[in-house]
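Examination of the molecular architecture
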Amino acid sequence: MKRSYMKMSSKNSNVKREEVNAQEELTIKEDLDNKIKEQKIVVDELSNLKKNRRVYTQQPNSNIFFLADKGETLSSCKKDLDTMRKEYQDL
């Protein structure tokens, strides 16, 4: 009797583990999907700026902004978007 109970208990814990992993993966996908949407908006906004507008980039972990080149910033944002899309497809 003890052996069969242990086997069933083991199966139940495996099922629960799989459910938790599936939920975590779903949460990761949702977060990544939201980041992709945000990045699309950033790329669109940068693409539609007039030529004489200035672009500032924020320094990591800081509240300091520096004047940046619009073209470089746009290409960097596009690269980030492509990276996020590839990561999303891999999930």
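Residues numbered from 1 in each chain as written. Predicted model: local features only at pLDDT ≥ 70, side-chain atom pairs only at ≥ 80, totals over all residues. Heavy atoms only, no water.

1. Observations concerning the nonpolar core
Where we set the bar: Among buried residues, the Ala, Val, Leu, Ile, Met, Phe, Trp, Tyr and Cys ones that are joined through side-chain atoms within 4.5 Å form a nonpolar core. The rule is simple: take the accessible area with a 1.4 Å probe, protein chains only, and divide by the maximum for that residue type; under 20% is buried, over 50% is exposed, in between is partly exposed. Secondary structure is summarised from DSSP: a helix means a run of H or I of at least four residues, a strand means a run of E of at least two, and numbering begins at the N terminus for each. Residues count as neighbours in contact if any of their non-hydrogen atoms are within 4.5 Å of one another.
The biggest cluster of nonpolar side chains holds nine residues, and these are L32, I36, V43, L46, V55, L74, C77, L81 and M84. Of all the elements in the fold, those that place two or more residues in this core are α1 (2-47) and α2 (70-90). Once residues lying within four places of it in the same chain are set aside, the contact partners of M84 are L32, K35, I36 and Q39.

2. Some remarks on the pairing of strand β1 (residues 55-58)
For the record, the criterion: For two strands to count as paired, DSSP must find a minimum of two bridges between them.
Sheet topology note: the β1/strand β2 (residues 65-68) ladder contains four bridges and is antiparallel. Its bridge partner being in β2, Q58 is matched across the sheet by F65. Hairpin geometry of β1 and β2 is characterised by an intervening segment of six residues between the two adjacent antiparallel strands and by a positive phi of about 55° at N61.

3. Examining the side chain of T73
Here is the rule: For this analysis, a polar contact is any N or O atom pair within 3.5 Å, provided that within protein one partner can donate a hydrogen and the other can accept it, and provided that sequence-adjacent residues contribute only side-chain to side-chain pairs.
Counting through the fold element by element, T73 comes out in helix α2. A relative accessible area of 12% places T73 in the buried class. One polar contact links the side chain of T73 to the main-chain carbonyl oxygen of D69, over a distance of 2.7 Å. Beyond its immediate chain neighbours, meaning those up to four positions away, T73 contacts L46, V55, T57 and A68.

4. Some remarks on the pattern of salt bridges
Formally: Basic side-chain nitrogens of Lys or Arg form a salt bridge, by our definition, when they fall within 4 Å of a carboxyl oxygen of Asp or Glu.
Scanning all chains against the criterion turns up one salt bridge. With a closest N to O distance of 3.6 Å, D33 and K37 form a salt bridge. Residue D33 and its partner K37 are located together in helix α1, separated by four residues, close to a single helical turn. On the basis of relative accessibility, which here comes to 46%, the residue K37 falls in the partly exposed class.

5. Overview of the environment of N48
Relative to the assigned elements, N48 resides in the loop between α1 and β1. For N48, the side chain forms a polar contact with the main-chain oxygen of D44, separated by 3.0 Å.

6. With respect to α2
Selection criterion: Here a helix's expected span is defined as the number of its residues, less one, multiplied by 1.5 Å. Directions are taken from the helix axis to each C-beta atom, and the arc is the one they span.
With 21 residues, α2 should reach 30 Å at 1.5 Å per residue; the first-to-last C-alpha distance of 30 Å fits that figure. Among all positions of α2, only T73, L74, C77, L81 and M84 are buried. The arc that holds every buried residue of α2, seen down its axis, measures 95°, which confines them to one face. Summarising the geometry of α2, the exposed residues directed more than 90 degrees from the buried face are E72, K79, K86, Q89 and D90.

7. Considerations on unusual backbone geometry
With phi around 55°, N61 is a residue other than glycine that occupies positive phi space. Among the structural elements, N61 can be located in the loop between β1 and β2.

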